[in-house]
Amino acid sequence: MSTFLAGLVLFTMIYMYTPGQGFGPSSLFMDTATGKMTDRAIWMLLGSILGTIMWFNVWFVIWPTQKSILSGKYTAEQLPDARKKALFFSRLNTYLSGPMLFGMLAPSHYGAINPVTALVAIGLGLVAIWHAIKFSPKVGTTV
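Draft legend 1. Quick peek at the packing of helix α2 (residues 39-71) against helix α3 (residues 79-109). Between α2 and α3, the shortest axis-to-axis distance is 8 Å and the interhelical angle comes to 160°. For the element pair α2 / α3, the angle class is roughly antiparallel. Handedness of the α2/α3 crossing: left-handed. A breakdown of the residues in the contact of α2 with α3 according to their chemical character gives 21 nonpolar, eleven polar and three charged.

In structure tokens, the structure reads:
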């Protein structure tokens, strides 16, 4: 929760506040000449959207499901479905973490964006996470 809240504060300070002028889109968020969002802002919003989805999954799906599993609120028949639900959203968060990280780092390290670049970045992030999951040692096994 602290990461999510700190991200909102930082986004507001950097993209939605101009010292001396107050709140509103800053020059990093909106290009005053064209009136369009900057490429930097688009990358940051992409990363922010993915991060918000991940935050929602943890706080409103994974954590409540895990608490219910551990407290014994599910019957033996419900338990496999609850485990699958928690696993699905945990795995989804893992796959979203690669593209989210790129979206958060791209504004200050890459900058430019177009549909092809965004798709390649998202694809590479998904492949990197898939590779890490596929070839990492499984829990409870020896290498």
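Next, the rest of the story.
Draft legend 2. Region of interest: α3. Its 31 residues give α3 an end-to-end C-alpha distance of 45 Å, which sits within 8% of 45 Å, the value for a rise of 1.5 Å per residue. Approximately 35° is the largest bend angle found in α3, and it occurs at Ser 97, with the proline Pro 99 only one to four residues beyond. Of the residues making up α3, those classed as buried are Leu 79, Ala 82, Ala 86, Asn 93, Leu 96, Gly 98, Pro 99, Met 100, Gly 103, Ala 106 and Pro 107. Just past α3, the residue Gly 111 takes up positive phi, approximately 95°.

Draft legend 3. Molecular detail of the side chain of Thr 117. Mapped onto the elements, Thr 117 comes out in helix α4 (residues 115-135). With relative accessibility at 16%, the residue Thr 117 sits in the buried group. Not counting the four nearest positions on each side in its chain, Thr 117 is found in contact with Trp 43, Tyr 110 and Ala 112.

About the criteria used
Sequence order as written defines the numbering, with residues in each chain counted from 1. Only residues with pLDDT of at least 70 are given local features in this predicted model, and only at 80 or more are side-chain atom pairs given and counted; all residues enter the totals for whole chains, interfaces and linings. Each side-chain value is worked out from all heavy atoms of the structure, with water and hydrogens disregarded. Every angle, taken between N-to-C directions, lies between 0 and 180 degrees, and every axis is a line fitted to C-alpha atoms, over only the stretch in contact when it is a helix. Secondary structure follows DSSP: runs of H or I at least 4 residues long count as helices, runs of E at least 2 residues long count as strands, and numbering of each begins at the N terminus. Should an angle fall under 35 degrees it is taken as roughly parallel, and over 145 as roughly antiparallel, whereas 65 to 115 is taken as roughly perpendicular and any remaining angle as oblique. Less than a right angle of anticlockwise turn of the near helix away from the far helix marks a crossing as left-handed, whereas a clockwise turn marks it as right-handed. When residues are sorted by character, Ala, Val, Leu, Ile, Met, Phe, Trp, Tyr, Cys and Pro go into the nonpolar class, Asp, Glu, Lys and Arg into the charged class, and all the rest, Gly among them, into the polar class. Between the first and last residue of a helix there are one fewer steps than residues, each counted as 1.5 Å, and that sum is the expected span. Note that the bend at a residue is defined as the angle between axes fitted to the seven residues ending at it and the seven residues starting at it. Buried, partly exposed and exposed residues are distinguished by accessible area as a fraction of the type maximum, computed with a 1.4 Å probe on protein chains only: under 20%, between the cut-offs, and over 50%, respectively. The contact criterion used is simple: two residues touch if any of their non-hydrogen atoms lie within 4.5 Å.

Take it as geometry only, folks, not as evidence of what the structure does.
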